[in-house]
Amino acid sequence: MKFLVFTDLHNDKEQRAKLVKRALETDVEFIVCCGDISTFGRGLRDVLNAFSKCGKKMYVIPGNHEEAQGEFDVILRDYSFCINLHKNSRKVGDYYFIGYGGGGFAQQDAEFRTMAREWYGKYKEHKTILVTHGPPFNTTLDDLTGKGRHVGNKDYRKFIERIQPRLAISGHLHETVGKTDKIGKTTLLNPGWEGMVIELK
């Protein structure tokens, strides 16, 4: 299973074209976006129209640039290839993709904790991939300055520690694009706006 994942595109036209070109290649089976596809909601349809040419499923969560718009769910319904993964899950191959979008620098999230209890009961015996907009706490992905100023979400970290997904993919912090880390057996990564192609067996 091979997929293209990116985050924090903010409707950059040049980078959008590069991502679409990569997504069109035959080895990429589907696309995952970790949020901030737009700039405060502007350009969301432009991005989705561009990716519609790929003819592949696209799993999307909102970032903090989409959550306040209220139109994210409505707009996604106009694009049959798009699956809103926010507070949702989808089985792809042998893996369950679990998504939770939005958020900024909040280090705790009561709603996520509620969902996490449900997800743990459902998916603890399965292969999972966690897709969030913000990063988990106390990793290289949430170190804002590179000097130990950790701004990530503690509830995300606790869930990762407990369920040990194969991957935990996030974005939000432009300062940590391309960074990877580990929590136990879980690989963490911030694919950034240039994106990464991930292969899972």
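Presented here is an overview of the structure given in this document. (Residues numbered from 1 in each chain as written. Predicted model: local features only at pLDDT ≥ 70, side-chain atom pairs only at ≥ 80, totals over all residues. Heavy atoms only, no water.)

Quick look at the sheet that holds strand β2 (residues 30-33)
Read from one edge of the open sheet, five strands run β4-β3-β2-β1-β11, paired in mixed fashion. A strand with exactly one partner marks an edge of an open sheet, and here the two such strands are β4 (82-84) and β11 (196-199). Pairs of neighbouring strands in the sheet enclose a mean axial angle of 25 degrees, with direction left out of account. As paired strands, strand β1 (residues 2-6) and β2 are joined by four bridges and run parallel to one another. When the sheet's bridge partners are listed, Phe6 is paired in β2 with Cys33. Against the sheet, helix α1 (residues 13-24) makes contact with β1, β2 and β11, and its axis sits at roughly 170 degrees relative to β1, the strand it touches most. (Pairing = 2+ DSSP bridges. Helix = DSSP H or I, 4+ residues; strand = E, 2+ residues; numbered from the N terminus. Axes fitted to C-alpha atoms, helices over the stretch in contact; angles between N-to-C directions. Contact = heavy atoms within 4.5 Å.)

Some points on the nonpolar core
Phe6, Leu48, Phe51, Met58 and Cys82 are the most contacted members of the largest nonpolar core, which has 24 residues in total. Elements that contribute at least two residues to this core include exactly β1, α1, β2, α2 (44-51), β3 (58-60) and α3 (72-76). When residues in this core are grouped by element, the largest group, five residues, is from α2. Formed by 19 residues, the second largest nonpolar core is a distinct cluster that contains Tyr59, Leu85, Val92 and Tyr95. (Core = buried A, V, L, I, M, F, W, Y, C linked by side-chain atoms within 4.5 Å. Buried < 20%, exposed > 50% of the residue type's maximum accessible area, 1.4 Å probe, protein only.)

A look at the sheet that holds strand β7 (residues 127-132)
Sheet strands line up and pair through hydrogen bonds in the backbone, either parallel or antiparallel. Pairing within the open sheet is mixed, and its six strands lie in the order β5-β6-β7-β8-β10-β9. At either margin of the open sheet sits one strand with a lone partner, and together these are β5 (88-92) and β9 (180-183). The mean angle between the axes of side-by-side strands here comes to 20 degrees, regardless of whether they run parallel or antiparallel. The sheet contact formed by β7 and strand β8 (residues 167-169) spans three bridges and is parallel. When the bridges of β8 are listed, Leu130 appears paired with Ala168. Contacts from helix α4 (residues 110-123) reach β5, β6 (95-100) and β7, with the element oriented near 170 degrees to β6.

A word on the packing of α4 against helix α5 (residues 154-163)
One can describe the packing of α4 onto α5 by two numbers: an axis separation of 10 Å at closest approach and a directional angle of 10 degrees. As summarised for this structure, α4 and α5 are arranged roughly parallel, according to the angle between their axes. Taken together, the residues of α5 that come into contact with α4 (itself represented by Phe112, Arg113, Ala116, Trp119, Tyr120 and Tyr123) are Asp155, Tyr156, Phe159, Arg162 and Ile163. Of the residues assigned to the contact of α4 with α5, the class counts are eight nonpolar, no polar and three charged. (Parallel < 35°, antiparallel > 145°, perpendicular 65-115°, else oblique. Nonpolar A, V, L, I, M, F, W, Y, C, P; charged D, E, K, R; others polar.)

A closer look at the environment of Gln108
In this fold, Gln108 is placed in the loop between β6 and α4. The exposure class assigned to Gln108 is exposed, which follows from its relative accessible area of 57%. Residues Gln108 and Lys154, 46 residues apart in the sequence, show an inter-C-alpha distance of 5.9 Å. If we ignore the near neighbours within four places in the chain, the residues touching Gln108 are Arg113, Asn153 and Asp155.

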